[in-house]
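One letter stands for each residue in the lines below.
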Amino acid sequence: MNKDGILNPNSQTEGEGAKTLTTRQGHPVTDNQNVRTLGNRGPVTLENYQFLEKMSHFDRERIPERVVHARGAGAHGVFEAYGTVGDDPAGKYTRAKLFQEKGKQTPVFVRFSSVIHGGHSPETLRDPRGFAVKFYTEDGNWDLVGNNLKVFFIRDAMKFPDLVHAFKPDPVTNIQDGERIFDFISSTPEAMHMITFLFSPYGIPANYRQMQGSGVNTYKWVNQDGVGVLVKYHFEPLQGIKNLTQEQAQEIQGKNFNHATQDLFEAIEAGNYPEWEMLVQIMSDDEHPELDFDPLDDTKLWPEDQFPWLPVGKMTLNRNPLDYFAEVEQSAFGTGVLVDGLDFSDDKMLQGRTFAYSDTQRYRVGTNYLQLPINAPRTHVATNQRGGQMAYHVDLAPGVNPSVNYEPSTALGGLNEAPKAGQDHEPEYKTAKLVRRKIDRTNDYKQAGERYRLFEDWERDDLIKNLVNTLAPTNKLIQDRMVEHFTKCDPDYGRRVAEGLNALNDQNAAMQKGPIGTTGSADAVHQAEDVAKESKPF
Ligand code: HEM
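Residues numbered from 1 in each chain as written. Predicted model: local features only at pLDDT ≥ 70, side-chain atom pairs only at ≥ 80, totals over all residues. Heavy atoms only, no water.

(A) Focus on the overall build of the protein. Broken down by element type, the protein carries 13 helices and twelve strands. Compactness check: the protein gives a C-alpha radius of gyration of 26 Å against a globular reference of 24 Å for 538 residues, within 12% of the reference. For the C-alpha atoms alone, the extent of the protein along its principal axes is close to 80 × 75 × 45 Å. Looking at the protein as a whole, 47% of its 538 residues qualify as buried. Accessible surface, the protein as shown: approximately 28,900 Å² in total, 52% of it carbon and sulfur. On the protein, the mean spot of the 58 positive side-chain charges and the mean spot of the 76 negative ones are 3 Å from each other. (Helix = DSSP H or I, 4+ residues; strand = E, 2+ residues; numbered from the N terminus. Rg over C-alpha atoms; globule rule 2.2 N^0.38 Å. Buried < 20%, exposed > 50% of the residue type's maximum accessible area, 1.4 Å probe, protein only. Areas by Shrake-Rupley, 256 points an atom, 1.4 Å probe, with all protein chains shown as cover. Lys, Arg positive; Asp, Glu negative; His and termini not counted. Charge placed at Lys NZ, Arg CZ, Asp CG, Glu CD.)

(B) Focus on the site of the ligand. The local shell around the ligand holds 24 residues, among which Arg66, Arg111, Tyr357, Gln361 and Arg364 are the closest. Between an oxygen atom of the ligand and a side-chain N or O atom of Arg111, the distance comes to 2.6 Å. Between an oxygen atom of the ligand and a side-chain N or O atom of Gln361, the distance comes to 3.0 Å. Considering only residue class, the shell around the ligand consists of 13 nonpolar, seven polar and four charged. (Near = heavy atom within 4 Å. Polar contact = N/O pair within 3.5 Å; in protein donor to acceptor, adjacent residues only side chain to side chain. Nonpolar A, V, L, I, M, F, W, Y, C, P; charged D, E, K, R; others polar.)

(C) Representation of empty space enclosed by the protein within the structure. Under the definition given, this model contains three cavities of 30 Å³ or more. Lining the largest cavity, in full, are Asn148, Tyr202, Pro205, Met211, Gln212, Ile241 and Asn243. Of the residues in the lining of the largest cavity, the class split is four nonpolar, three polar and no charged. (1 Å grid on protein atoms, 1.4 Å probe; cavity = no way out; pocket = protein on both sides within 12 Å on 5 of 7 lines; lining within 4 Å. Points joined across faces, edges and corners; volume = space filled by probe spheres on them.)

(D) Structural detail: the pattern of salt bridges. Counted according to the given criterion, the structure contains 29 salt bridges. We note a salt bridge from Arg209 to Asp263, for which the minimum N-O separation is 2.8 Å. Of the two residues, Arg209 sits in the loop between helix 4 (192-198) and strand 7 (213-214) while Asp263 sits in helix 6 (residues 259-269), which places them 54 residues apart along the sequence. By relative accessible area, Asp263 is classed as partly exposed at 21%. Across the salt bridge formed by Lys476 and Asp480, the nearest N and O atoms sit 2.9 Å from each other. With Lys476 and Asp480 both in helix 11 (residues 476-489), this residue pair falls four residues apart, about one helical turn. Among the charged side chains, a network of salt bridges with common partners joins Arg155, Asp297, Lys300 and Asp444. (Salt bridge = Lys/Arg side-chain N within 4 Å of Asp/Glu carboxyl O.)

(E) Fine view of the domain arrangement of the protein. The domain boundaries assigned to the protein delineate domain 1 (71-371), domain 2 (380-416) and domain 3 (446-518). The distance between the C-alpha centroids of domain 2 and domain 3 comes to 59 Å. (Domains from an automatic or database assignment.)

(F) Seen up close, the environment of Lys536. On the secondary structure map, Lys536 appears in the segment after helix 13 (522-531). For Lys536, a relative accessible area of 75% gives the class exposed. Sequence separation of Lys536 and Gly146 is 390 residues, and the distance between their C-alpha atoms is 51 Å.

(G) A look at helix 6. Here helix 6 has its buried residues at His259, Ala260, Leu264, Ala267 and Ile268. Seen end-on, helix 6 carries its buried residues on one side only, within an arc spanning 155°. Trailing helix 6 by a residue or two, Gly271 shows a phi angle of about 80°, which is positive. (Arc of directions from axis to C-beta.)

(H) Summary view of the packing of aromatic side chains. Inspection of every chain in the model, using the stated rule, returns 24 aromatic pairs. Here the aromatic rings of Phe99 and Trp142 are separated by 5.9 Å at their centres, their planes lie at 70°, and the arrangement is edge-to-face. On the criterion of sequence distance, the pair formed by Phe99 in the loop between strand 3 (88-89) and strand 4 (105-114) and Trp142 in strand 6 (residues 140-147) is long-range, its members being 43 residues apart. When its relative accessible area of 1% is taken as the criterion, Phe99 is described as buried. Between Phe152 and Phe160 the ring centres are 6.3 Å apart and the planes differ by 25°, which places this aromatic pair in the stacked class. By relative accessible area, Phe160 is classed as partly exposed at 32%. An aromatic cluster is built from Phe79, Phe99, Phe135, Trp142, Tyr219, Trp221 and Tyr233, whose rings are joined through pairwise contacts. The aromatic ring of Phe333 is capped on one face by Lys134, whose charged end is 4.9 Å from the ring centroid. (Phe/Tyr/Trp six-rings, centres within 6.5 Å; stacked < 30°, edge-to-face > 60°. Lys NZ or Arg CZ within 6 Å of the ring centre and 35° of its normal.)

(I) Layout of the side chain of Thr383. Position of Thr383 among the secondary structure elements: in the loop between helix 8 (348-364) and helix 9 (446-454). Looking at Thr383, its side chain comes within polar contact range of the main-chain nitrogen of Gln385, at 3.1 Å. Among all residues touching Thr383, those that are not within four sequence positions of it are Asp395, Leu396 and Leu415. (Contact = heavy atoms within 4.5 Å.)

(J) The arrangement of a negative patch on the surface in detail. A contiguous patch of negative charge, built from Asp286, Glu287, Glu290, Glu428 and Asp440, is present on the exposed surface. The class of Asp440 is exposed, set by a relative accessible area of 76%. (Patch = residues over 30% accessible without salt bridge, like charges linked within 9 Å, V, L, I, M, F, W, Y side chains within 5 Å.)

(K) Up close: the nonpolar core. By size, the foremost hydrophobic cluster in this structure holds 46 residues, and its most contacted members are Phe153, Phe182, Ile185 and Val497. Domain assignment of the residues forming this core places at least three in each of domain 1 (71-371) and domain 3 (446-518). Not counting chain neighbours up to four residues away, the residues in contact with Ile185 comprise Phe153, Leu163, Phe167, Ala191, Met192, Ile195 and Met482. Counting 41 residues, the second largest nonpolar core, distinct from the first, contains Phe79, Phe131, Trp221 and Met315. (Core = buried A, V, L, I, M, F, W, Y, C linked by side-chain atoms within 4.5 Å.)

(L) View of unusual backbone geometry. Following Gly42, the chain continues into Pro43 via a peptide bond in cis, with omega recorded as 5°. Relative to the helices and strands, Pro43 is located in the segment before helix 1 (49-59). A cis amide bond links Glu407 to the next residue, Pro408, at an omega of 5°. Relative to the helices and strands, Pro408 is located in the loop between helix 8 and helix 9. A positive phi angle, near 60°, is found at Asn174, a position not held by glycine. Structurally, the position occupied by Asn174 is in the loop between helix 2 (160-167) and helix 3 (178-185).

(M) How the structure looks around the layout of surface pockets. Taken as a whole, the second largest pocket spans an internal volume of roughly 1,500 Å³. Around the second largest pocket, the lining is made up of 40 residues, and of these Asp294, Asp346, Lys348, Arg437 and Ile439 lie nearest the centre. In terms of residue count, the dominant contributor to the lining of the second largest pocket is helix 8 (four residues). Of the residues assigned to the lining of the second largest pocket, the class counts are twelve nonpolar, six polar and 22 charged.

(N) Broad picture of the packing of helix 10 (residues 457-471) against helix 12 (residues 491-506). Close contact between helix 10 and helix 12 brings their axes to 9 Å; oriented N to C, the two are set at 50°. When the interaxial angle is binned, helix 10 and helix 12 end up oblique. Crossing geometry of helix 10 relative to helix 12 is assigned as right-handed. Residues Arg460, Asp461, Leu463, Ile464, Leu467, Val468, Asn469 and Leu471 of helix 10 form the contact with helix 12, whose own contacting residues are Tyr493, Arg496, Val497, Gly500, Leu501 and Leu504. Here the residues of the contact of helix 10 with helix 12 are counted per class, giving nine nonpolar, two polar and three charged. (Axes fitted to C-alpha atoms, helices over the stretch in contact; angles between N-to-C directions. Parallel < 35°, antiparallel > 145°, perpendicular 65-115°, else oblique. Left-handed = near helix turned anticlockwise from the far one by under 90°.)

Pasting the structure below:
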């Protein structure tokens with residue numbers, strides 16, 4: 001058995017027998033070519049157990065794909081702590097064991113993904129990229145479910161299904177449609193920062209190795225004394241950052257629509273292990289009225305000059321999965337999966353996300369998804385959870401009375417609660433009315449405008465072109481509203497998008513609605529028919 005338990009532990013590992021084909025019942029298969037028939041021309045008989053088992057398992061080979069982030073690639077690796085947070089010992093801010101000692105190694109599994117389209121969609125699409133890390137720590141698992149971009153479209157979990165519906169293909173045509181996207185976005189001013197990144201070259205990372213990672217949401221760290229601080233996580237690729245323009249992406253897509261998966265797999269096979277430095281930004285745990293944004297707002301960056309990036313460790317990916325389905329497809333990450341010393345903040349997006357992940361995983365993978373080798377912690381697991389589909393084993397140590405699946409038990413020898421690892425974190429006591437309201441310091445445009453000005457010329461040109469091409473075929477009201485938003489970010493931003501749209505309208509360009517990135521080319525729809533040669537029916 002390999003060390004992550006992916007292979008069957010009972011299978012013979014050596015000798016000729018190791019290669020013998022069997023059924024799942026362990027019966028050797030002597031003929032895998034022919035079904036059992038009455039005479040060699042059929043008919044087939046129904047007691048054909050071996051055939052029925054083979055076919056019915058095949059019929060069930062797929063599980064539902066992730067509702068978002070369906071297309072992805074994964075790899076194993078290691079996180080090595082620096083033992084410090086910037087110049088301070090890590091323990092000043094968090095008691096999480098994985099960060100404490102210099103050189104301490106924690107195994108990780110990372111899954112990169114694109115968000116909107118299905119499991120085999122091209123890896124050249126304009127889309128945020130997922131960056132999900134599972135740390136198998138000595139205190140159980142910690143999942144950091146992040147993206148490459150450091151901000152997000154919305155700040156309230158209530159809006160997530162609508163956001164995703166707008167970006168997913170139209171339910172009638174099954175085609176992604178820039179008009180539907182901007183129909184939604186034009187009423188979502190908090191999305192301007194993310195849209196500015198997404199339509200720039202950062203919206204198409206060149207591959208997975210050369211992109212950043214970020215936890216996006218605000219979390220907490222808690223030290224031994226129970227003192228909490230707000231924290232944001234970042235991963236910086238030691239390979240550098242590389243992005244593609246729309247044209248470069250289209251060129252690659254015509255030749256290879258799996259280029260990012262292939263790049264990651266081949267780099268690791270060749271021993272060219274990708275590495276990221278992990279850094280954090282820290283803020284005291286309060287509302288920070290002096291800032292012009294809310295520290296819990298995931299549409300904002302924390303300015304680096306006020307909240308420096310402090311290095312905490314390095315992550316290296318050094319082993320490809322043995323089986324894509326068992327390890328990558330069945331992997332399950334969630335924002336609720338934290339270890340002692342790490343905590344949630346009051347960020348309401350984060351709290352909304354925390355419900356969604358394990359909920360979808362019980363449906364997508366199954367009730368006992370945490371017993372699968374890729375998801376199971378590499379540490380002591382003892383629960384009173386029993387049953388459910390595909391319960392693989394009982395989560396108990398041999399010395400514990402298996403009849404006691406409840407707690408507390410007075411005399412019969414069941415499981416006991418664990419001792420506390422440190423002082424409880426007791427955030428400031430607050431009273432508030434139960435409301436449905438957005439936060440006060442929305443400040444939707446300032447950081448988007450700053451980003452626009454910070455881009456290099458070629459990045460800004462690409463941003464304007466991509467926005468104009470996607471907006472040109474949309475309803476005039478949507479265009480006007482978007483120009484208004486961009487103008488509020490930066491007058492030059494709004495002016496350039498407006499000029500681009502006017503120029504296209506003047507040329508009476510043949511625009512066609514469609515997926516972001518490929519809009520603006522009505523010709524492409526008919527091109528295949530025009531250039532293809534005719535063949536005869538056969
Ligand atoms: C309220 C907002 C959000 C909700 C409800 C939500 C929900 C989901 C769901 C249901 C999945 C599929 C999980 C699975 O099938 O295993 C998913 C995957 C994912 N989400 Fe979110 N999400 C939200 C926001 C975000 C944000 C802000 C980020 C980035 C920080 C993010 C990053 C990811 C990643 C990386 C994955 C793929 C994980 C993997 O590789 O398996 N999501 N999300």
